[in-house]
Amino acid sequence: MRRRFARRQWARRWGVWRPLLALLLVAVLAGVGVWLVWFSDVLSVEEVTVSGTDHLTSAEVRRAADVPMGRPLARLDLVGIESRVESLAPVAEARVERTWPRGVRVVVTERRSVAVVEIGGRVRGMDADGVVFRDYAKAPKGLPRVRVVGSVDREVLQEAATVLSAMPADLAKVVRRVDVETIDHISLVLRGDRTVLWGSGEFSEDKAAVLAALLEAQDARSYDVSVPGQPVVKN
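This structure is a prediction, so every number in the text was calculated from the model and none was measured. (Residues numbered from 1 in each chain as written. Predicted model: local features only at pLDDT ≥ 70, side-chain atom pairs only at ≥ 80, totals over all residues. Heavy atoms only, no water.)

Caption draft 1: Region of interest: the sheet that holds strand β1 (residues 47-51). Strand order in the open sheet formed by three strands is β1-β3-β2, with mixed pairing between adjacent strands. The open sheet has two edge strands with one neighbour each: β1 and β2 (91-99). Averaged over neighbouring strand pairs, the angle between their axes works out to 20° when direction is ignored. On top of the sheet, helix α3 (residues 78-86) reaches β2 and β3 (103-110); it is set at about 150° to β2, its chief contact. (Pairing = 2+ DSSP bridges. Helix = DSSP H or I, 4+ residues; strand = E, 2+ residues; numbered from the N terminus. Axes fitted to C-alpha atoms, helices over the stretch in contact; angles between N-to-C directions. Contact = heavy atoms within 4.5 Å.)

Caption draft 2: Summary view of a negative patch on the surface. Side chains of Asp153, Glu155, Asp184 and Glu202 sit close together on the surface and give a patch of like negative charge. As for its position among the elements, Asp153 is in the loop between β7 (145-148) and α4 (154-165). (Patch = residues over 30% accessible without salt bridge, like charges linked within 9 Å, V, L, I, M, F, W, Y side chains within 5 Å. Areas by Shrake-Rupley, 256 points an atom, 1.4 Å probe, with all protein chains shown as cover. Salt bridge = Lys/Arg side-chain N within 4 Å of Asp/Glu carboxyl O. Lys, Arg positive; Asp, Glu negative; His and termini not counted. Charge placed at Lys NZ, Arg CZ, Asp CG, Glu CD.)

Caption draft 3: Examining the sheet that holds strand β5 (residues 122-126) more closely. Strand order in the open sheet made by the nine strands is β6-β5-β4-β7-β8-β9-β10-β11-β12, with mixed pairing throughout. Strands at the two margins of the open sheet, each flanked by one partner only, are β6 (132-136) and β12 (232-234). When the angles between neighbouring strand axes are averaged without regard to direction, this sheet yields 25°. Packing against the sheet, helix α6 (residues 204-217) makes contact with β9 (185-190), β10 (195-199), β11 (222-224) and β12, and its axis sits at approximately 160° to β10.

Caption draft 4: Broad picture of the pattern of salt bridges. Considering all chains together, one arrives at 10 salt bridges under this definition. Ionic pairing is found between Glu97 and Arg105, a salt bridge with its closest N-O pair at 2.6 Å. Residue classification places Arg105 among the partly exposed residues on the basis of a relative accessible area of 33%. Bridged by salt links that share partners, the residues Arg95, Glu97 and Arg105 form one connected network. (Buried < 20%, exposed > 50% of the residue type's maximum accessible area, 1.4 Å probe, protein only.)

Caption draft 5: Expanded view of the pairing of strand β8 (residues 175-182). Note that β7 and β8 share four bridges and pair parallel. Among the inter-strand pairings, Arg145 is bridged to a residue of β8, identified as Arg177. Here β8 pairs with β9 via six bridges, running antiparallel. Considered in β9, the bridge of Thr182 is made with His185. Hairpin connection from β8 to β9: two residues lie between these consecutive antiparallel strands.

Caption draft 6: Just unusual backbone geometry, in detail. Along the chain, Trp100 connects to Pro101 via a cis peptide bond; the corresponding omega equals 10°. Mapped onto the elements of the fold, Pro101 is located in the loop between β2 and β3. Residue Asp66 is not a glycine yet carries a positive backbone phi of 50°. Within the secondary structure, Asp66 sits in the loop between α2 (58-65) and α3. Located in the positive-phi region is Asp193, a residue other than glycine, with phi close to 60°. In this structure, Asp193 sits in the loop between β9 and β10.

Following this line, the structure appears as structure tokens:
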């Protein structure tokens, strides 16, 4: 009888303590997990890999990223790393990922040259947003040249880039040079020394479509698509 009574007492006490012990165990495990992820070096940065580079080297990207080696992965400022990599002129976009348990991956999208422009005696590559981002020893074949009359500024280059970006690939291939006198007075020199008065970068897609149709329909010395609804052709 006493044994039965003792067992019942022990069962009642265990029924009271069991949930408390379970909660304590969960709290301990959670605390250990937080310590492992956020504060220990068990899951800290040991390796940085880079992909997507062409003009840049992986070493240049790593230097710009400045990832703090040995810091717990969970405490990395990914946005800050991305911002530092995107400060490199050839980088259009950067994405930074944690690769557990101890790695960081930097995925780079580089800018692509759509034209070259000479600035201060240097041949520079320019992307579709008008961003000048790299040097060339000499202009690559197949890339049109942008010639600016007057000072070269971001607005002028953006306007030229707008014109080039609106062109389909087959039309862009015949453009030798884009001359920018002002942002409202842009002209093209095509292969065969044909000229095109373009006007501003406004309605560039319409102008490109009209010019493509004119080139196919009529071989002339000059074309005026500054008002795409009223093009003019001169022989």
